[in-house]
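Here's the letter readout for the chains.
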Amino acid sequence: MEESIMKRFSLEGRVSIVTGAAQGLGLAMAQALAEAGSRIVIGEVNVDKARDAAREISRRYGVEAEAMRCDVTSPEDAAALTDAARERFGRIDVLINNAGIVHHEPAEDVAYENWFKVINVDLNGVFIMSQAVGRAMLAAGRGSIINIASMSGLIVNTPQCQASYNAAKAGVIHLTRSLATEWATRGVRVNAIAPGYMKTAMTASFFENAEHPWVKTWMDMSPMKRPGTPDELGGLAIYLASDASSFTTGGVFVADGGYSAW
Ligand SMILES: NC(=O)c1ccc[n+]([C@@H]2O[C@H](COP(=O)([O-])OP(=O)(O)OC[C@H]3O[C@@H](n4cnc5c(N)ncnc54)[C@H](O)[C@@H]3O)[C@@H](O)[C@H]2O)c1
């Protein structure tokens, strides 16, 4: 008899690594996976805040959770995080590549240093983490990688100038498809989530000021006329992490209140 569909959403006994999960979308997705039963490993540069987040996840959801310092741009950190997760839990089932930064500046003024920084965290970091954790997943013959891209990888936002971010996120989407294709027959699925405007620390300086001209443009252009909240990605994260999505790889899942629909 086929397994019940709701059971296929369970992450009971699984182990998930989430990068940049001290706050914002990463924290909300780590909480969602924990609620579905997964143990959690947070890789963060803000390790103090990440340790508090892990403790709170453990307390609230009754799963083991820990945090480690990991700069996603460092292959050494990525390998160390992978080894630590495997040593502590004996397996890694899920990787959410969530850590990201943004830089707003007209393209003609951007210093190379700022361009490189955004590409390094937002695109190179996704490859570096996927390679390190992907090796462990390929050896185990199973795993799900979820890359947090953005609608900015599909459309160009306005009125703010953020060419480095847009280019990096478009790169994440095609990297997702590339890895998905390479690893499809070896049990490792790779998908991307492309969120629209979400209320987090990354966007707080704008959304805290309802009169901000950018916010007015964003909401005018958004069919739902509101930003998303971090918990609104939880269902998608559980779906992509779990066996409920066993035939899904190389997909890009937009959650943007309809922004890119028209
Ligand atoms: N907020 C939005 O509107 C929005 C929309 C679309 C996509 N996203 C993407 O979602 C992801 C999370 O965004 P958020 O809004 O929660 O951001 P946030 O700034 O609230 O959180 C990002 C986290 O990543 C961590 N981080 C930064 N650089 C890192 C590095 N090199 N290594 C490890 N950790 C690092 C930070 O310490 C921070 O805790 C990002 O990839 C972002 O681009 C956000």
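A brief look at the structure comes next. All values derive from a computational prediction rather than experimental measurement. (Residues numbered from 1 in each chain as written. Predicted model: local features only at pLDDT ≥ 70, side-chain atom pairs only at ≥ 80, totals over all residues. Heavy atoms only, no water.)

The next subject is the site of the ligand. Residues in close proximity to the ligand total 28 residues, the closest being Gln-23, Glu-44, Asn-98, Tyr-165 and Thr-200. One of the backbone nitrogen or oxygen atoms of Cys-70 is found 3.5 Å away from a nitrogen atom of the ligand. Contact between the ligand and Asp-71: a nitrogen atom at 3.0 Å from a side-chain N or O atom of the residue. Here the ligand has 840 Å² of accessible area as a free molecule, and 92% of this is covered by the chains. Mapped onto the shell around the ligand, the elements with two or more residues apiece are α1 (24-35), α5 (163-183) and α6 (201-207). (Near = heavy atom within 4 Å. Polar contact = N/O pair within 3.5 Å; in protein donor to acceptor, adjacent residues only side chain to side chain. Areas by Shrake-Rupley, 256 points an atom, 1.4 Å probe, with all protein chains shown as cover. Helix = DSSP H or I, 4+ residues; strand = E, 2+ residues; numbered from the N terminus.)

So, on to the nonpolar core. Membership of the largest hydrophobic core comes to 32 residues, with the highest contact counts inside it found for Met-29, Leu-33, Ile-40, Ile-42, Ile-57, Ile-96 and Ile-146. At seven residues, α1 tops the list of elements feeding residues into this core. When near neighbours in sequence (up to four residues on either side) are disregarded, Ile-40 contacts Ser-16, Ala-30, Leu-33, Ala-34, Ile-57, Glu-64, Ala-65 and Glu-66. Counting residues in each nonpolar core, the second largest holds 30 residues, with Ala-85, Ile-92, Val-121 and Leu-175 among its members. (Core = buried A, V, L, I, M, F, W, Y, C linked by side-chain atoms within 4.5 Å. Buried < 20%, exposed > 50% of the residue type's maximum accessible area, 1.4 Å probe, protein only. Contact = heavy atoms within 4.5 Å.)

Here helix α2 (residues 47-61) spans 21 Å end to end across 15 residues, near enough to the 21 Å set by a 1.5 Å rise per residue. For α2, every residue scored as buried is listed here: Val-47, Ala-50, Ala-53, Ala-54 and Ile-57. Across the axial projection of α2, the buried residues extend over an arc of 110 degrees, all falling on one side. Of the exposed residues in α2, those oriented more than 90 degrees away from the buried face are Asp-48, Arg-55 and Arg-59. Structurally, α2 contributes buried residues whose contacts are with α1, β2 (39-44) and β3 (65-69). (Expected span 1.5 Å × (residues − 1). Arc of directions from axis to C-beta.)

This brings us to a nonpolar patch on the surface. Nonpolar side chains collect at one region of the surface, where Tyr-112, Trp-115 and Phe-116 lie side by side and expose about 400 Å² of accessible area between them. Tracing the backbone through its elements, the reader meets Phe-116 in helix α4 (residues 112-140). With a relative accessible area of 54%, Phe-116 lands in the exposed category. (Patch = residues over 30% accessible without salt bridge, like charges linked within 9 Å, V, L, I, M, F, W, Y side chains within 5 Å. Salt bridge = Lys/Arg side-chain N within 4 Å of Asp/Glu carboxyl O.)

For the rest of this paragraph, the subject is unusual backbone geometry. The amide bond that connects Thr-158 to the next residue, Pro-159, takes the cis arrangement and shows omega of 5 degrees. Inspection of the secondary structure assignment puts Pro-159 in the loop between β5 (143-148) and α5. For Lys-225, which is not a glycine, the phi torsion comes out positive at approximately 60 degrees. With respect to the helices, strands and loops of the structure, Lys-225 is situated in the loop between α7 (213-220) and α8 (234-241).

Taken as a whole, this structure holds eight aromatic pairs when the rule is applied. Aromatic pair Phe-9 and Tyr-239: ring centres 6.3 Å apart, planes at 40 degrees, arrangement tilted. With Phe-9 in the segment before β1 (15-19) and Tyr-239 in helix α8, this residue pair connects regions lying 230 residues apart in the sequence. Under the relative-accessibility criterion, Phe-9 is labelled partly exposed at 26%. Seen in terms of ring centroids, Phe-207 and Trp-218 are 5.7 Å apart; in terms of plane orientation they differ by 65 degrees. Their pairing is edge-to-face. Here Phe-207, found in helix α6, pairs with Trp-218, found in helix α7; they are eleven residues apart in sequence, far enough to count as distant. Comparing Phe-207 with Trp-218 shows no difference in burial state: the two are buried. Taken together, the aromatic side chains of Tyr-197, Phe-206, Phe-207, Trp-214, Trp-218 and Tyr-259 make up a single cluster linked through ring pairs. (Phe/Tyr/Trp six-rings, centres within 6.5 Å; stacked < 30°, edge-to-face > 60°.)

This part takes up the environment of Ala-54. With respect to the helices and strands, the residue Ala-54 is situated in helix α2. The exposure class of Ala-54 is buried, given its relative accessible area of 3%. For Ala-54 and Ala-21, which are 33 residues apart along the polypeptide, the C-alpha to C-alpha distance reads 9.0 Å. The residues contacting Ala-54, other than those within four sequence positions of it, are Ile-42, Ala-65, Glu-66 and Ala-67.

Any link to function would need more than the numbers given here.
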